[in-house]
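Fold and geometry: a report
So the chains spell out like this:
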Amino acid sequence: MYDAIVVGARCAGASLAMLLARKGYRVLLVDRTTFPSDLALSTHYVHQAGIARLKEWGLLDALIASNCPPITRFHFDFGAFALSGSPPAANGVVEAYAPRRKVLDALLAQAAVAAGAELREGFSVQDVLWDNDTVTGIRGRRQGGDDISDTARMTIGADGMHSLIARAAHAPEYNTKPPIQGPYFSYWSGVRMTGFEFYPGLYRGAFGWMTNDNLALIGVGFVAKDHPTVRANIEAAYLQAIRDDAPDLAERMAGGRREERFVGGLVPNYFRKPYGPGWALVGDAGYLKDPCTAEGITDAFESAALLAEALDSAWTGRESMAAALAAYEHTRNERATPLYEFTCQLATLAPPAPDMQRLLSALRTNQEQTNRFFGLFAQTVSVPEFFAPDNMQHIFEASGS
Ligand SMILES: Cc1cc2nc3c(=O)[nH]c(=O)nc-3n(C[C@H](O)[C@H](O)[C@H](O)COP(=O)(O)OP(=O)(O)OC[C@H]3O[C@@H](n4cnc5c(N)ncnc54)[C@H](O)[C@@H]3O)c2cc1C
């Protein structure tokens, strides 16, 4: 019997397995994929707060060794004017990185194994085991193999947005919002990006940054209602948006070459109750939001750290399992909700409301507050703190508006 079985071995699951194994727990980490493995539907930008976690866990040097370039600047170009700057550091970390998932996820899975977790790849979980109303483990199989059952004190779903563990445990979903926008993106050689570049258009927005192998990831987000039209000719819609809204980027791309197929799609927004008797959820399995602010990986690290602390607190007898997991849900939601609402608003890709227009205009002459605005994305400035009436007044007074 294991202490924990973690289903899903990417950002959330491998991090959690590593943290629990480092505390001395017996952990089985399973995934139906084999590593290294890319995750197609992710633009894999990891903000300063996420990178600070990798540094804390001793994994940042390995990431840097993958030759993934550091990113320190944001550049939001609204056409009539642009805002550029660098967000405040996260525990001394000023760099973001956008590693390919085949790099990042393999590194995390290796770290879990190095910590003592047992990694079972190519293993697909079919169902959970029950003892009355308590989950006691998993049943799964390798391709073409026989069913294998394993038991644990805690079975954890780190199995992404279509989580089988969440479904099997009937995890209630709340604060759900339907898909708002979604990107189509690809990888380009011969194009340099200057940081996290974003070019808001009308109900669409172009963006891009550098990743491994000297490639630029360049995408365009389209609102959900336009996806059927966009899907009819992705390349045409993508290039048209970049030509119209980001002419400078279009010029750079004219000298480059698209190296991979287009990938894209829409995702919903939700929170799920992340625990019950014998089971818990972490990462996208428990909480998902629109990718326009690129927070999913950073959030997955955060929820893995919170859940590892909660389980350790219960298993060492510092508090009951019920109290520890209730605190896990409470803390996760308290930290995530303001950015969730901010992200869902931005994801409409609608013209900025008058208040936001006034703010963006005031930021043009205020570099310090522009940097703090970018800190909302880097998760180094909190949404309630930045939008507090005092701070808004301070910004407007400084600009004379
Ligand atoms: C279009 C798009 C762009 C995005 N861009 C960014 C970005 O730039 N930055 C960012 O931080 N986030 C981004 N995200 C979000 C980010 O990709 C996710 O938040 C992140 O991958 C969540 O990690 P996870 O470990 O929770 O789940 P996942 O990465 O989805 O991993 C789940 C794992 O579980 C395994 N699994 C599932 N079911 C089973 C089963 N039954 N048996 C065995 N294994 C199973 C899968 O094989 C998979 O390996 C984006 C998302 C989308 C949709």
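A short tour of the structure in this document, coming up. Treat the numbers as computed from the prediction; the structure is a model and nothing was measured.

Some words on the environment of aspartate 159
Its location among the elements puts aspartate 159 in the loop between strand E8 (148-157) and helix H5 (164-168). For the pair aspartate 159 and tyrosine 270, spaced 111 residues apart in sequence, the C-alpha to C-alpha distance is 15 Å. The residues touching aspartate 159, leaving out its near neighbours within four places in the chain, are Val7, Gly8, Leu164, Ile165 and Ala285. In terms of polar contacts, aspartate 159 uses its side chain to reach the backbone amide nitrogen of isoleucine 165, at 3.2 Å.

Details of the site of the ligand
In the vicinity of the ligand, 29 residues are found, and the nearest of them are Arg10, Asp31, Thr43, Asp284 and Ile297. Taking valine 125, its main chain carries an N or O atom lying 2.9 Å from a nitrogen atom of the ligand. The fraction of the free accessible surface of the ligand (1,000 Å²) that becomes covered by protein chains is 93%. Listed by contribution, the elements that provide at least two residues to the shell around the ligand are helix H1 (11-22), strand E6 (123-131) and helix H9 (296-315). Here the shell around the ligand takes 3 residues from E6, the largest share from any one element. Looking at side-chain class alone, the shell around the ligand contains 14 nonpolar, 8 polar and 7 charged residues.

Let's talk about the packing of aromatic side chains
Within the structure shown, the criterion is met by 28 aromatic pairs. Sitting over the ring of phenylalanine 123, arginine 120 keeps its end group 4.7 Å from the ring centre. Stacked on the ring of tyrosine 275, the Lys or Arg lysine 273 has its end atom at 3.8 Å from the ring centre.

About the thresholds
- Residues numbered from 1 in each chain as written.
- Predicted model: local features only at pLDDT ≥ 70, side-chain atom pairs only at ≥ 80, totals over all residues.
- Heavy atoms only, no water.
- Helix = DSSP H or I, 4+ residues; strand = E, 2+ residues; numbered from the N terminus.
- Contact = heavy atoms within 4.5 Å.
- Polar contact = N/O pair within 3.5 Å; in protein donor to acceptor, adjacent residues only side chain to side chain.
- Near = heavy atom within 4 Å.
- Areas by Shrake-Rupley, 256 points an atom, 1.4 Å probe, with all protein chains shown as cover.
- Nonpolar A, V, L, I, M, F, W, Y, C, P; charged D, E, K, R; others polar.
- Phe/Tyr/Trp six-rings, centres within 6.5 Å; stacked < 30°, edge-to-face > 60°.
- Lys NZ or Arg CZ within 6 Å of the ring centre and 35° of its normal.

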